[in-house]
Amino acid sequence: MKLTRRTFLGSSIALTIATAFGLSGCSKKPETLQETEGTGVEVQKLAEGQWKASGCLGCTSWCAKQVYMVDGRAIKIQGHPDSKVHGANDCPRAHLAVQQVYDADRIKQPMKRTNPKKGKNEDPGFVPISWDEAMELFADKIMELRNNDETHKFGLFRGRYTNINDLFYGNLPKIIGSPNNISHSSICAEAEKFGPYYTQGYWNYRDYDVRNTKYIICWGVDPLCSNRQVSHYLNVFGELLEKGVKIATIDPKHSATAAKSHVWMPVKPGQDGALATAMAHVILTEGLWSREFVGEFKDGENHFVAGNTVDEDNFEENHTYGITKWWNLELKDRTPEWAEAICGVDAATIRKVATDFANAAPQALVFMGGGSNMQVRGGYNSMAVHALNGLVGSAEHEGGTITGRSPKLNGFTKPDDFMDEMAQKNTKMQKIDQRGYKEFPALKDGKSGGGVVTNRVADAILAEDPYLPKVMIGYFCNFNYSCTETERWNKAMEKIEFFAHCVTHYSEMGHFADLLLPSTHHMFEQMSAAAQKGNGFTHLWIAERLIEPFYDVKNPESEIPWMLAEKLEEKGFGNLMDYLKTFKDPETDKEPTNGLELELHAFKIRTQPIWDPAEYAETGNNGTKYNSWDEFIQAGIWNSDAYEFKKLWSNMPTETGKFEFYSETLKKALAGHAEKHNTDIDDILATCKYDVVGERAFIPHYEEPYMVGTESEYPFAFIDSKSRLTREGRAANCSWFQEFKDVDAGDVKWGDCIKMNPEDAAKLGLQDGELVKVTSPTGEMTTTLKTWVALRPGTVQKNFGQGHWAMGHVAAEDFEGRVARGANSNDMIPSEFERLSGSTAYYGSFRVRIEKA
Ligand SMILES: Nc1nc2c(c(=O)[nH]1)N[C@H]1C(S)=C(S)[C@@H](COP(=O)(O)OP(=O)(O)OC[C@H]3O[C@@H](n4cnc5c(=O)[nH]c(N)nc54)[C@H](O)[C@@H]3O)O[C@H]1N2
Ligand SMILES: Nc1nc2c(c(=O)[nH]1)N[C@H]1C(S)=C(S)[C@@H](COP(=O)(O)OP(=O)(O)OC[C@H]3O[C@@H](n4cnc5c(=O)[nH]c(N)nc54)[C@H](O)[C@@H]3O)O[C@H]1N2
Ligand code: SF4
Ligand SMILES: [Mo]
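Attention in this report is confined to the structure presented alongside it. (Residues numbered from 1 in each chain as written. Chains lettered and ligands numbered in written order. Predicted model: local features only at pLDDT ≥ 70, side-chain atom pairs only at ≥ 80, totals over all residues. Heavy atoms only, no water.)

## Let's talk about the overall build of the protein chain
The condition that has to hold: Strands are runs of DSSP state E lasting at least two residues, helices are runs of H or I lasting at least four, and both sets are numbered from the N terminus onward. Type-normalised accessible area, obtained with a 1.4 Å probe on protein chains alone, sets the label of each residue: buried when under 20%, exposed when over 50%, and partly exposed for intermediate values. Pairs of residues are marked as contacts when any of their non-hydrogen atoms sit within 4.5 Å. For the accessible areas, the method is Shrake-Rupley and the probe is 1.4 Å, while residue cover comes only from the protein chains on display. Here Asp and Glu are counted as negative and Lys and Arg as positive; His is not counted, and neither are the chain ends. A charge is said to be at NZ when it belongs to Lys, at CZ for Arg, at CG for Asp and at CD for Glu.
When helices and strands are counted, the protein chain shows 25 helices and 35 strands. Seen through its principal axes, the protein chain has C-alpha atoms that stretch 80 × 65 × 60 Å. With 853 residues in all, the protein chain has 63% of them scored as buried. In the protein chain, of all internal contacts separated by at least 6 residues, the share reaching a separation of at least 24 is 71%. When the accessible area of the protein chain is evaluated, it comes to approximately 29000 Å², of which 47% is carbon and sulfur surface. When the 95 positive and 118 negative side-chain charges of the protein chain are each reduced to one mean point, those points stand 2 Å apart.

Now the structure itself:
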């Protein structure tokens, strides 16, 4: 059976896009056109409606939103004015959510695969079934695992998620008896957290006090386009420039932010470590480090002279640890002239930026994104770049880089009492992502195997090492598109006996599913909540179901587990249902009787320290205090109190309590991992593709980037960046994404391109606009060439977001024929890792060859 549009539309085929958008079929006629006073411009007045609180999971910014509701339909979105993070400000991508929820291409009811053969070129033959049948099938598969004592062969993939995800992602696999809950975190940003953790003990995103700063270095980050708090930065940037804040951007491409910066430093891809260590060298030799934070030579003289070691005993450190070791082991030789030859930024610019930055400090900050560190040897770049904040005393300082406060929330009942003997035993098995293997330390929070290695799962499945999982469920994720070397994922998912995918849309991953479980859209069709920081505050938004879904969709984090628990109970395994019954309504003490009640109770329990005075009297509440659930849910937002600067000085959660330039914390973590594998740290680092030996392993240092493909065979270093309008991997089926694709400078509407400096194009005899074949050591793609001056010669750049062959009729060139619109860089990016954090390497990691197609 062919995967046709009709199959997808099912019984809802009569719904046209027009009705979906509320343009017709609406009980009220649209209001008439009116002239806005004095302008002569006629605009359509918004129909009578109401702003309702909600939130956006379009990216990790997790912005608080309001949705304008008319007759039960969502028609417009704005920032929640009460958010102290971004106020009513918005990012353009929020509006795409309206196109997503009313998309005619959504999966409208559960679908079952009828073709047992899996493969990209196989037609899955999906046919509609009821939820009851779907859950029956799924529960049978889990019971098979239980009957064979192989519950560890169950696995759950998580992409994006809400604040109650611990119920489904955290605890459900444990109760079934599996260690395998695999999040997408390490295809996202783990290497970026590595540096801040191994210097100041903080494994999370940072916040930047830009309103009080004088100098910002945007390093491998494009805050006007991506990263977190786009809604905030897009709107505050003008104010900063007007006030005279200086901005330098370090990015091999001329990004949206570079275009608004005073200085653009087009670092060669992957060479961030050279630049960062040279800037540290300048700050020390020029005597511009923070005396208050770092300390001073006992004799008051500056002994940091290029090429000379210093006497460690002659320096009295304050809130930091290891400054002289860092100098002696690394920085003394890292002159700007040395760096210029390596990283391609001239020595004078390095000197000037380092000096201006340090002179503005402590109201000066380095804003670090993934560009500088989601690289094969990016762990130490992450440390080196973040350490600059330590050198100038801006870490935790007003106008500096801060770590943000989290809301105090309640956890759920622990699953332990609901795990039977089989579950206790099988959850102790090795996880299927190989975390903690010798070659995958994944040292989150200082622990060997403490973090996830998402993208390794494909290899592990193919190698059946540690074992082949059999029954899997995934939600809000699309690893066959979002992970590198996508073909590995296609082959791996073919091997999974039974896979259920809980998503709004068909996708490259869903193509390999046995069950498609249509999911609610997080912004409109379910209860939802998330917390994020920005502007010196943290907000937590909470949203009620705003739209009564007109497709047969369910929330994967609550309704699907409930239905599964019912089925499992019928089949004799009641532990999951017993567990879910502990989710009692904190107000009435009533047990949930269905999935929607479970959802409501879970959010109430989680946020009780925000809305229940009796609860926060005990737990504390470091922000808005509500008097009841109703009051909280109506307002839809909680804000933290303002950040307390300097509170963590000499109180960092590191081994020494200090900001570590010589990381005792990393030394301990690496030693723990080496000991587990009966070897030494040098061997571990070599296994992880690092060059370093000895003591330098514990300090931020320069490593030559590990690039796949030799320069002679593959002359161009590839630069991957996010499309400005992509909502992670899932905006391409919105016509607004396609129509405005050219907001990415140089890109084309409804299409795709790769960009190259015109000098390089001329050398190759290639013309702007012609089709080219791009070949990497592991894949190839055909796309249009655009010449673009804003790139250094020797590089090519392409944005991530197009290249969907599944998803829908807008995203794909030919949906039924599985022909992509544009190209997915991941078809070409070799699968490499930053192994110390478990991250996938997207940046500074490979080269390509370009020829006429
Ligand atoms: N080359 C390259 N690759 C990248 C990146 C890059 O910059 N370059 N970025 C990386 C990053 S930072 C990340 S975080 C990952 C993201 O990668 P993933 O976590 O795999 O997420 P998406 O690709 O966004 O796919 C999410 C799926 O969820 C479904 N969906 C959409 N909305 C909803 C909803 O409201 N509810 C549910 N249940 N499902 C929904 C859609 O069908 C979509 O297929 O990609 C990574 N991959
Ligand atoms: N528009 C948009 N914004 C998003 C998302 C989205 O999908 N779309 N996703 C969100 C998510 S999930 C995440 S994790 C964050 C990630 O946000 P970031 O970590 O900031 O990651 P990117 O935007 O992928 O990359 C940042 C910059 O790195 C540059 N870069 C590439 N190679 C190198 C290099 O070798 N060195 C240096 N210095 N720079 C390099 C790229 O050109 C790009 O401008 O963004 C979030 N914001
Ligand atoms: S897409 Fe990201 S930045 Fe934009 S509104 Fe949504 S969460 Fe905020
Ligand atoms: Mo991400």
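## Focus on the site of ligand 2
Here is the rule we go by: A molecule or strand has a residue near it when one of that residue's heavy atoms lies within 4 Å. Pairs of N or O atoms are called polar contacts if they sit within 3.5 Å, as long as, within protein, a hydrogen donor faces a hydrogen acceptor (for residues adjacent in sequence, only side-chain-to-side-chain pairs). Under the convention adopted here, Pro, Cys and the residues Ala, Val, Leu, Ile, Met, Phe, Trp and Tyr are nonpolar, Asp, Glu, Lys and Arg are charged, and Gly plus all remaining residues are polar.
With respect to spatial proximity, 36 residues lie near ligand 2, and among them Ser 226, Asp 251, Asp 272, Gly 370 and Tyr 843 are the closest. Cys 225 has a polar backbone atom sitting 2.7 Å from a nitrogen atom of ligand 2. In this structure, a nitrogen atom belonging to ligand 2 sits 3.0 Å away from a main-chain N or O atom of Arg 724. About the coverage of ligand 2: the protein hides 98% of its 920 Å² of free accessible area. Partitioning the shell around ligand 2 into residue classes produces eleven nonpolar, twelve polar and 13 charged.

## What to know about the sheet that holds strand 21 (residues 515–518)
Our working rule: Between any two strands, at least two bridges found by DSSP are needed for them to pair.
Across the sheet, which stays open at both edges, the seven strands sit in the order 7-6-21-20-19-8-9 with mixed pairing between neighbours. Only two strands of the sheet have a single partner each, and these edge strands are strand 7 (127–128) and strand 9 (181–183).

## Observations concerning the sheet that holds strand 35 (residues 847–852)
Note the following rule: All axes here are fitted lines through C-alpha atoms, helices being fitted over the stretch that makes contact, and every angle between N-to-C directions spans 0 to 180 degrees.
Reading around the barrel, the six strands line up as 26-30-27-29-28-35 and close back on themselves, with mixed pairing between neighbours. Within the sheet, the average angular offset between the axes of one strand and its neighbour, ignoring direction, is 45°. As paired strands, strand 26 (residues 716–722) and strand 30 (residues 795–800) are joined by six bridges and run parallel to one another. In the sheet register, Lys 722 faces strand 30, and the bridge partner there is Phe 800.

## Comments concerning the site of ligand 3
Inspection of the region around ligand 3 gives Cys 56, Gly 58, Cys 59, Ser 61, Trp 62, Cys 63, Lys 65, Cys 91, Arg 93, Ala 94, Val 230 and Ser 231 as its neighbouring residues. Partitioned by chemical class, the residues of the shell around ligand 3 number seven nonpolar, three polar and two charged.

## Description of the nonpolar core
Operational definition: Side-chain atoms within 4.5 Å link the members of a nonpolar core, which is a set of buried Ala, Val, Leu, Ile, Met, Phe, Trp, Tyr and Cys residues.
By size, the foremost hydrophobic cluster in this structure holds 89 residues, and its most contacted members are Ile 217, Trp 219, Leu 275, Ile 283, Tyr 380, Leu 391 and Leu 670. Ranked by the residues each element gives to this core, the list is headed by helix 8 (residues 272–285), at nine residues. If sequence neighbours within four positions are ignored, Ile 283 has contacts with Leu 288, Trp 289, Ala 354, Phe 357, Ala 358, Leu 388, Leu 391 and Val 392. In this structure, Met 527, Ala 529, Phe 573 and Phe 583 belong to the second largest nonpolar core, which totals 66 residues.

## Looking at helix 12 (residues 378–391)
Keep this limit in mind: Here, expected helix span is obtained from the residue count minus one, scaled by 1.5 Å.
In this model helix 12 runs 20 Å from its N-terminal to its C-terminal C-alpha over 14 residues, within 8% of the 20 Å that 1.5 Å per residue would give. Burial of helix 12 is extensive: 14 of the 14 residues sit out of reach of the surface. Following helix 12 by one or two positions, Gly 393 has its phi on the positive side, about 70°.

## A closer look at the pairing of strand 4 (residues 64–70)
Most of strand 4 sits inside the fold, with seven of its seven residues counted as buried. Pairing of strand 3 (residues 50–55) with strand 4 involves six bridges; the strand directions are antiparallel. Its bridge partner being in strand 4, Lys 52 is matched across the sheet by Val 67. Bridge count between strand 4 and strand 5 (residues 73–79): six bridges; the pairing is antiparallel. Along strand 5, the bridge assignment pairs Met 69 with Ala 74. Hairpin connection of strand 4 to strand 5: two residues between the antiparallel strands, including Asp 71 at a positive phi of 50°.

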